[in-house]
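Residue-level structural notes
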Amino acid sequence: MGTLLLVSTRKGAFFFHGDRERRRWRADGPHFFGQIVNHVVLDPRDGRTLLAAVRPGHLGPSIYRSHDLGATWHEAERPPAFRKATAGELPLAVSHTFHLTPGHSSEPGAWYAGVSPPALFRSEDGGVTWSGVDGWNDHPMRFKWCPPEDQTPDGSILHSILVDPRDPAHLYVNASGGGSFESTDRGATWAPLNEAVEANFNPDPYPEYGQDPHCMALHPARPDRLYQQNHCGIYRLDRPASHWERIGKNMPPEIGDIGFGIVLHPRDPDTAWVFPMDGTTVWPRTSIDGKPALYRTRDGGASWQRQDRGLPREQAWYTVKRQAFAADDGDPVGLYFGTTGGELWMSANEGRSFRQIASHLPHVYAVVAARV
Amino acid sequence: MRVAIPSPLRSYTGSREQVSGAGATVGELLASLDRQFPGIRFRIVDEQDRIRVHIRIFVNRELARDLGRTLGAGDEVQILCALSGG
């Protein structure tokens, strides 16, 4: 048993195979050299199938699958694509797939893909063919929830697709510039889930929808517990309630609660980590004061502790994107993050200390940690 | 007719720089290429039948602006990638 890190970058995917102790790492790659890879995900249902969301900068986007951990890749026969627009309809084209999520454990072969512009696709055959989830893509409120003129950097996206481990019909999705949404009927119908989440870029700072969730996570051991790192703070929600609590208010005020990713302890629903970014003035989105640090809560967000041992002490202006921050399920938990400057870091002891695995990689878009 | 394939698309053509295709329009030609090299069309044209932003298709060295451009049997077609960024 070892740890496999799936690192997606602007110029290809790089895999790092760790030994049992997570001390030594063997680099493998690049895969899809020169192409933009947004997400590579291992199927936990078989432990060997990878799906990769890939786009060259100048060709159309596609999805590839591998059944041998990346030794060979096969392109989807029908990648995510909108249907041809009829008269009066907005002619949409998939710019790229941003996020991939395996379906429920009871549905082998099922996958979800979140694309830009924000739309949801599903595959029933392990990623060979993809079809739109009409309940989202054709929802009468869709362009009110996610205005087509949204100019999120790199394009507005659908991300953080979460499947309730107790119920394959219970889904959450998140749209940048749209908010968080829930379905209890496998995507046929959707409702906003944004109560008390701030949108300080909106005339009404607490609208029904229009928020900007950056990353949402559902705790596998307590699926009613949700966390999100939003454009406007860190939040927690315990269903069936629908009123989010801004637990980021408990962060040190000089740090604030702006960031992209949020990572959960795989066994303790009260423990989570964030990687704060500078959200002041013009939103630099770099580690605050050039001093990178994680912040950990062990009480559901009531208090936070700084963790930075081993990280650079100064002049390190890291940006860690929403899918570039991950945890494994080891004991102790391993934490991993990749930067837009191409560094890959880890902690093998739940954040007590950090060390660098790799440097000089391309701009990192995503890091996924898997046990193989 | 002969069709020149740019390097980013040669993974579909077995590394061939030149292939043959048929069709009375650029759209029909791309459909013929897709039958020979499955998947290549979606890399060139989006789902709304628009030539992708960074792709250029030239017919006898003249830019074809859409899939309706008519073709003759002896035409030479070049598919090029208009790379950008720095």
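Please read all numbers here as calculations on a predicted model, not as lab measurements. (Residues numbered from 1 in each chain as written. Chains lettered and ligands numbered in written order. Predicted model: local features only at pLDDT ≥ 70, side-chain atom pairs only at ≥ 80, totals over all residues. Heavy atoms only, no water.)

Comments concerning the overall build of chain A
Helix and strand counts for chain A come out as two helices and 27 strands. For 372 residues, the compact-globule estimate of 2.2 N^0.38 gives 21 Å, and the C-alpha radius of gyration of chain A, at 19 Å, lies within 12% of that figure. With the C-alpha coordinates aligned to their principal axes, the bounding extent of chain A is approximately 60 × 50 × 40 Å. Evaluated residue by residue, chain A yields a buried proportion of 62% over its 372 residues. Long-range contacts, defined as pairs at least 24 residues apart, comprise 50% of the intrachain contacts of chain A with a sequence gap of at least 6. Of the roughly 14,500 Å² that chain A leaves accessible, carbon and sulfur atoms contribute 50%. Distance from the positive charge centre (38 side chains) to the negative charge centre (43 side chains) of chain A: 5 Å. (Helix = DSSP H or I, 4+ residues; strand = E, 2+ residues; numbered from the N terminus. Rg over C-alpha atoms; globule rule 2.2 N^0.38 Å. Buried < 20%, exposed > 50% of the residue type's maximum accessible area, 1.4 Å probe, protein only. Contact = heavy atoms within 4.5 Å. Areas by Shrake-Rupley, 256 points an atom, 1.4 Å probe, with all protein chains shown as cover. Lys, Arg positive; Asp, Glu negative; His and termini not counted. Charge placed at Lys NZ, Arg CZ, Asp CG, Glu CD.)

Some points on the state of the cysteines
Throughout the structure, instances matching the rule amount to zero disulfides over all chains. With no disulfide partner, A:C232 has as its closest neighbouring cysteine sulfur the one in A:C215, 16 Å distant. (Disulfide = S-S within 2.5 Å.)

Structural notes on the nonpolar core
The biggest cluster of nonpolar side chains holds 40 residues, and the ones touching the most others in it are A:V40, B:V3, B:L30, B:I44, B:I57 and B:I79. Among the elements that line this core, the one with the most residues is helix α1 (residues 26–36) of chain B, at four residues. Discounting residues that sit within four places of it in the chain, B:I79 has contacts with B:V3, B:A4, B:I5, B:P6, B:L9, B:L30, B:L33, B:I44, B:I55, B:R56 and B:I57. Core analysis: the second largest hydrophobic core is formed by 34 residues, A:V7, A:W283, A:V320 and A:Y336 among them. (Core = buried A, V, L, I, M, F, W, Y, C linked by side-chain atoms within 4.5 Å.)

A word on the side chain of A:N38
Within the secondary structure, A:N38 is located in strand β4 (residues 36–42). Residue contacts for A:N38: discarding those within four places in its chain leaves A:S8, A:A53, A:R55, A:H96, A:T97, A:F98, A:Q323, A:Y365 and A:A366.

A few points about the interface of chain A and chain B
On the side of chain B, 15 residues touch chain A, which itself brings 22 residues to the contact. In this assembly, chain A packs against chain B so that about 1,400 Å² is buried in total across both faces, 52% of it on carbon and sulfur atoms. Counting every contact that joins chain A to chain B gives two salt bridges. With its nearest N and O atoms 3.9 Å apart, the salt bridge here joins B:R43 to A:E75. In this assembly, chain A and chain B are joined by 10 residue pairs in polar contact (both at pLDDT 80 or more). (Buried area = accessible area lost by both parts, 1.4 Å probe. Salt bridge = Lys/Arg side-chain N within 4 Å of Asp/Glu carboxyl O. Polar contact = N/O pair within 3.5 Å; in protein donor to acceptor, adjacent residues only side chain to side chain.)

Considering the environment of A:E77
All names here are of chain A. Structurally, the position occupied by E77 is in the loop between β7 (74–75) and β8 (96–102). For E77, a relative accessible area of 64% puts it in the exposed group. Considering only alpha carbons, one finds E77 and V128, 51 residues apart in sequence, at a separation of 5.5 Å. Other than its neighbours up to four places away in sequence, E77 contacts V128 and T129.

Here we look at the sheet that holds strand β27 (residues 364–371) of chain A
Across a sheet, strands are paired by hydrogen bonds formed along the backbone, either parallel or antiparallel in direction. Residues and elements named next belong to chain A. With antiparallel pairing, the four strands of this open sheet are ordered in space as β3-β2-β1-β27. Two strands close off the open sheet at either side, each with one partner strand: β3 (25–31) and β27. With direction set aside, neighbouring strand axes in the sheet form an average angle of 15°. Two elements, strand β1 (residues 3–9) and β27, share seven bridges in a ladder whose sense is antiparallel. Paired with T3 across the strands is R371, a residue of β27. (Pairing = 2+ DSSP bridges. Axes fitted to C-alpha atoms, helices over the stretch in contact; angles between N-to-C directions.)

So, the side chain of A:S116
Within the fold, A:S116 resides in strand β9 (residues 111–116). Ignoring any residue separated from it by four or fewer positions in sequence, one finds A:S116 in contact with A:A93, A:V94, A:S95, A:H96, A:D154, A:G155, A:S156 and A:I157.

Things to note about the pattern of salt bridges
Residues and elements named next belong to chain A. Evaluation of the coordinates by the stated rule reveals 26 salt bridges over all chains. One salt bridge in this structure joins D19 and R24, with 3.7 Å as the shortest N-O distance. For R24, a relative accessible area of 60% corresponds to the exposed category. The salt bridge partner of R122 is E107, with a shortest N-O separation of 3.5 Å. With R122 in strand β10 (residues 119–123) and E107 in the loop between β8 and β9, this residue pair connects regions lying 15 residues apart in the sequence. Like E107, R122 is buried.

Details of the sheet that holds strand β18 (residues 233–238) of chain A
All names here are of chain A. If you walk across this open sheet you meet the three strands as β16-β17-β18, and the pairing is antiparallel. Of all the strands in the sheet, the pair left with one neighbour each is β16 (213–218) and β18. Strand-to-strand twist across the sheet, computed as the mean angle between neighbouring axes with direction ignored, equals 15°. For strand β17 (residues 225–230) and β18, the ladder comprises six bridges, and the chain directions are antiparallel. Directly across from Y227, in β18, lies its bridge partner R236.

Quick look at α1(B)
Listing the buried residues of α1(B) in full gives B:V26, B:G27, B:L29, B:L30, B:S32 and B:L33. Residues of α1(B) that are buried in the fold lie against β1 (2–4), β2 (18–20), α2 (40–44), β3 (55–59), β4 (62–64) and β5 (76–81) of chain B.

A word on the pairing of strand β5 (residues 50–55) of chain A
Residue and element names in this part refer to chain A. With six of six residues buried, β5 is to be regarded as a mostly interior element. In the sheet, β4 pairs with β5 via six bridges, with the strands oriented antiparallel. Bridging from a neighbouring strand, V37 pairs with V54 of β5. Of the pairings in the sheet, the one linking β5 to strand β6 (residues 62–66) comprises five bridges and is antiparallel in character.

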